[in-house]
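Examining the three-dimensional arrangement
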Amino acid sequence: MNFTSRALIAGALLALPNLVLVQSLAAQEQAATETAQAEEEPLWAFETSDVPVDPGFVFGVLDNGMRYIIRENSTPEGTALVRMQIDSGSLDETESERGLAHFVEHMAFNGSTNIPEGEMIKLLERKGLAFGADTNASTGFETTTYMLNLPKNEEDLLDTALMLMRETASELTIAQDAVDRERGVILAERRDRRGFQQKATEDQLAFFAPGARFVDRLPIGTLDVLENASADDLRGFYERTYVPANTVMVIIGDFPAAMMETKIREVFADWQGGPAPAEPITGPIPIERESEVDIYTDPALSESVSLTSFSEWEDRPDTVAVRDEALLRSIGYRIIGRRLSRLARGEDAPFRGAGFSSNDLFEDARSTSLSISSADGEWRKGLVAALREVRQAVEFGFTQAEVTEQVANLRTALENGVASADTRSNGAFANAALRLVGSERIPTDPKYRLERFEALAPSITPGRVFAALIADLPTAGDPLIRFQGRSAPEGGEEALRAALAEGMAAEIAAPEDTGEQSFAYSDFGTPGEIISDTVDDRFDFRLIRFANGVRLNLKTTDIRKDRVSYRVSLDGGTLLDTADDPLRTAMVSVLATGGLGQHSQDELQSVLAGRSVGFNIGSGTDAFRMSGSTTPRDLQLQMQLLAAALTDPGYRREGEERYAKNIENYFANLDATPSRALSNRLGGILSDGDPRFSLQPQEAFLSRSFAQLKADIGDRLESGAIEIALVGDFDPDVAIAAVASTLGALPTREAEFQLRSEARKRGFTAKRGLQTLTHTGETDQALVRMVWPTTDDSDLSEALLLSLLSRVVRIQLQERLREELGKAYSPSAGSSTSRIYAGYGTFSVTASVDFAELEPTRAAIRAMLSELAAAPLETDLIDRARQPMLESYDNALKSLGGWMGLADNAQSQSDRLQRFLDAPGELKSITPKDIQYVAAQYLKADEAVEVLVVHEDADLPDTIAP
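Let us look at the structure shown here. The structure presented is a predicted model; accordingly, all values stated were derived computationally and were not measured.

1. Considerations on the overall build of the protein chain
Helix and strand counts for the protein chain come out as 29 helices and 23 strands. In terms of overall size, the protein chain behaves like a compact globule, its C-alpha atoms giving a radius of gyration of 29 Å where 962 residues would be expected to give roughly 30 Å. Each principal axis of the C-alpha atoms in the protein chain carries an extent, and together these give about 70 × 65 × 60 Å. Per-residue burial for the protein chain yields a buried fraction of 56% across its 962 residues. Put simply, 84% of the contacts in the protein chain that link residues at least 6 apart link residues at least 24 apart.

Right under this line is the structure:
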């Protein structure tokens, strides 16, 4: 297929990043296949490139071949990240080992030479690391990565982290009894992840890359291997792949670089092992295939079509010239994406969304794809429209206005990067280090990236962008077509081919250059007068009130340089919903899609190009909220945009249409998985069908309109109380002036947020005991949820007691259901004490299990509950639950988000400030007897609402039938 006459295509493999535990397929590993080659080849990509590596990193290699990357960094202050990456994953497995890379990853937490089975997690919890949040691991096609997030920069904690990494690297015992116990956990993980999305992805991979080795090496593995693998099998894979020459250690954080380097050498220098494994085969991918069609259906799948072509893979090492060409090429793809999004946002949109891109698939091929997501039954309209848009681009190129918009966006992003360079996060540096290891993308300094961009910018013309894009596209061949949806397309394969032909034949013309537009909202009247200006010394909050009633809370901090977080709270929220009209606020979340009175949402994207501003609105319980981040340079414009959103919302028809399509798609798979079935029904169960908390019929949602929304919340936009919080790196006087000239200049608002006492009444059902729901997913999937009523959060001590109890129960569920019984992958517990509804709160326990394990799972949970109430737990267990909570309080104010959590309602809910200060002391005072008391008070098994979610065809045993 020639691109000047037929549109380029692509699609299915865009879904690959959604695979669980799968890293980017674009990563190009350069590991040596033999020791001799490894000695000759460079250790790092920057050694043979003209791209200058960021000088803040320290790179090294031990005599045994293990590499390391370290960087001293203090954002967040007093913390660190430790990562150990093994350069082997599921692709390194033999046919009889499929799933063992992931299995070995699990065994890292199940005993080693110096750490008995079950003690690693306990040790970390005592140090303040929560399992899952701070202690984790992942397995992909090419790598296995172990992750520890250190909440403090104490030397002994770093010692512990490195000791544990070394235990994982070379000292795992992999005992047969431990393997047998962990087997159930892995099978549970495989079961939980199995569903309509996973099966669709597997079909997608098999169609686009038939015979490719990676298609048969998904990290979760096969049932046969997982059910029968022995300790010897796992140990064989472990000893072959966990060797120094195949390992990279990364430490980023608030430690002296010399200390980190010394400790790595002390811990790992004596580790011995063989050469790194040979680079595994990934393909082949038959790039010559064309015109084939795949139709895949599942009742839970939304409709989509993808067109894909393959071309030869091209080696593109990370050099200045390659980066320059990639930048030009990316602008072309961005412009096409921009055109597609314009269609999706318009009235009578032909599709819900569309994307166009090209990606490397290992070193086997390059895929170019056009993917279209459509409303059910509208795939033809979407395909034709998207194809026409791509054809227009590859035949006529781009306008100057389009290129200018993308250049402005890129320049602003790079300038923002330079301004905030000194406060880049540990996570950003760790990710950059791992990209160097995995895809040989050299980490560079933000200043260099901006300078290189500015050197190239004068030559970024529509012609050069067009040429770079065309050079990247396949030049011939009809695309592969893949359809997926709830039902097959009418007419089948021939209909899909006919739609492709129609899109190729559609008339196209060169795009018009619309030129630049200006923002229409800059004058909101006389700047507001300040009538109150005080300081809260506890947090150094500056609290301001304008004459029109608007409140402004300021917190200046340079923990993230050149960034300003904002949040506007507007009186309202879901408290406006009533039993008679429970969907009054249902459309608030799509209000932004209607744009502003003077600009559509799409026009705003062009008008605001190159500016760090945004507009969204959501509905909390007691307020509508607009939040995001900007820069000091764009703070004035951001405030203008927010004021315009309140005073002149667009209420355009295209917003209503997008809302309706999303509703239709949502209702099409309500019960597709156990968790979806539960979340959609539980509110009604717990509230005895109160319409405010129950899922309403699809027809009720579809009957809503912007006209109704305007009638229902228009007075809130016009006169509701407003509280604004600004947190970050800004000049207070400049920020005050920006608010004064916008939100502070609006007509008088209500002085206080309305209490709405009647709306704050919420009951918990008196109907306790067992209930069942059904799902339409996998037949062996089941879910147990137990819910108890508790109380609201007015008493800080009790709220913290319940929160700590939930942590304790979570640990016990992990130890019993996961580690001891192997029945559940990720059981959980949670406490929610309401700030809104007087006297209302819930405590819940959840476990996703095999249907056949429902009865023993329920028995194990009940036994645990009984023991909780019978006698005080060991202090060690309480401390393991408590310490991560204390660390979270210690680190809460090391990010803009943490500060915003206090600043957003610092005037209207000032009591929250003292609660934050008091909480750590209250937590420390909780005793095992306190936990026993609150468990006995609330968690009586017979007083729970217990919900079982089972497959619609399942027959419950008589012993657990409701």
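2. Side note on the packing of helix α10 (residues 320-345) against helix α12 (residues 400-419)
At their nearest, the axes of α10 and α12 sit 10 Å apart, and the two run at 115° to each other. Between α10 and α12, the interaxial angle falls into the category roughly perpendicular. Viewed along their axes, α10 and α12 form a crossing whose handedness is right-handed. Of the residues in α12, those in contact with Leu 327, Ile 331, Arg 334, Ile 335, Arg 338 and Arg 339 of α10 are Glu 402, Val 403, Glu 405, Gln 406, Val 407 and Leu 410. For the contact of α10 with α12, the class distribution of residues is six nonpolar, one polar and five charged.

3. Observations concerning the sheet that holds strand β23 (residues 945-951)
Strand pairing in a sheet takes place through backbone hydrogen bonds and is either antiparallel or parallel in direction. Strand order in the open sheet made by the five strands is β19-β23-β20-β22-β21, with mixed pairing throughout. Each edge of the open sheet is held by one strand with a lone partner, namely β19 (769-775) and β21 (828-833). For this sheet, the mean angle separating the axes of adjacent strands, direction not counted, is 20°. Sheet topology places β21 next to strand β22 (residues 841-850); six bridges connect them, and they run antiparallel. Bridge assignment links Thr 833 to a residue of β22, and that residue is Gly 841.

4. Some words on unusual backbone geometry
The step from Thr 75 to Pro 76 runs through a cis peptide bond, and the omega angle for that step is 0°. As for its position among the elements, Pro 76 is in the loop between β2 (67-72) and β3 (80-86). Along the chain, Gly 283 connects to Pro 284 via a cis peptide bond; the corresponding omega equals 5°. Note that Pro 284 resides in the loop between α9 (257-268) and β7 (293-297). The backbone phi angle of Asp 688 is positive, close to 55°, even though this residue is not glycine. Counting through the fold element by element, Asp 688 comes out in the loop between α20 (674-686) and α21 (698-702).

5. A look at the sheet that holds strand β13 (residues 541-546)
Taken in spatial order, the seven strands of this open sheet run β12-β13-β14-β18-β15-β17-β16, and their pairing is mixed. Taken across any chain shown, the strands that pair with only one partner, and hence form the sheet edges, are β12 (530-536) and β16 (618-619). Bridge count for strand β15 (residues 564-571) against strand β17 (residues 623-630) is eight bridges, and the pairing is antiparallel. The residue of β17 that forms the bridge with Ser 565 is Ser 629.

6. Some points on the nonpolar core
Core analysis: the largest hydrophobic core is formed by 59 residues, its most contacted members being Phe 519, Leu 552, Leu 596 and Leu 726. The element best represented in this core is helix α18 (residues 635-647), accounting for nine residues. Setting aside chain neighbours within four positions, we find Leu 552 in contact with Arg 542, Leu 543, Ile 544, Phe 546, Ile 724, Leu 726, Ile 736, Val 739 and Gln 907. Counting 52 residues, the second largest nonpolar core, distinct from the first, contains Met 84, Ala 137, Ile 186 and Ile 264.

7. Looking at the packing of aromatic side chains
Under the defined criterion, the tally for this structure stands at 29 aromatic pairs. A ring pair is formed by Tyr 238 and Tyr 242, whose centres lie 4.8 Å apart and whose planes are at 50°; its orientation type is tilted. Judged on exposure class, the residue Tyr 238 and its partner Tyr 242 are both buried. Here the aromatic cluster, defined as three or more aromatic residues joined through ring pairs, consists of Trp 44, Phe 46, Phe 57, Phe 59 and Phe 429.

8. What about the pattern of salt bridges?
A complete count under the given rule lists 81 salt bridges for this structure. Among the salt bridges present, the one from Lys 127 reaches Asp 156, with a minimum N-O distance of 3.2 Å. One end of the pair, Lys 127, is in the loop between α3 (119-126) and β4 (135-139); the other, Asp 156, is in helix α4 (residues 155-170), and 29 residues separate them in sequence. Asp 156 gets classed as partly exposed once you look at its relative accessible area, which sits at 37%. Here the residues in one salt-bridge network are Glu 314, Arg 316, Arg 329, Asp 360, Arg 366 and Asp 472, joined through shared partners.

Rules used in this analysis
- Residues numbered from 1 in each chain as written.
- Predicted model: local features only at pLDDT ≥ 70, side-chain atom pairs only at ≥ 80, totals over all residues.
- Heavy atoms only, no water.
- Helix = DSSP H or I, 4+ residues; strand = E, 2+ residues; numbered from the N terminus.
- Rg over C-alpha atoms; globule rule 2.2 N^0.38 Å.
- Buried < 20%, exposed > 50% of the residue type's maximum accessible area, 1.4 Å probe, protein only.
- Contact = heavy atoms within 4.5 Å.
- Axes fitted to C-alpha atoms, helices over the stretch in contact; angles between N-to-C directions.
- Parallel < 35°, antiparallel > 145°, perpendicular 65-115°, else oblique.
- Left-handed = near helix turned anticlockwise from the far one by under 90°.
- Nonpolar A, V, L, I, M, F, W, Y, C, P; charged D, E, K, R; others polar.
- Pairing = 2+ DSSP bridges.
- Core = buried A, V, L, I, M, F, W, Y, C linked by side-chain atoms within 4.5 Å.
- Phe/Tyr/Trp six-rings, centres within 6.5 Å; stacked < 30°, edge-to-face > 60°.
- Salt bridge = Lys/Arg side-chain N within 4 Å of Asp/Glu carboxyl O.

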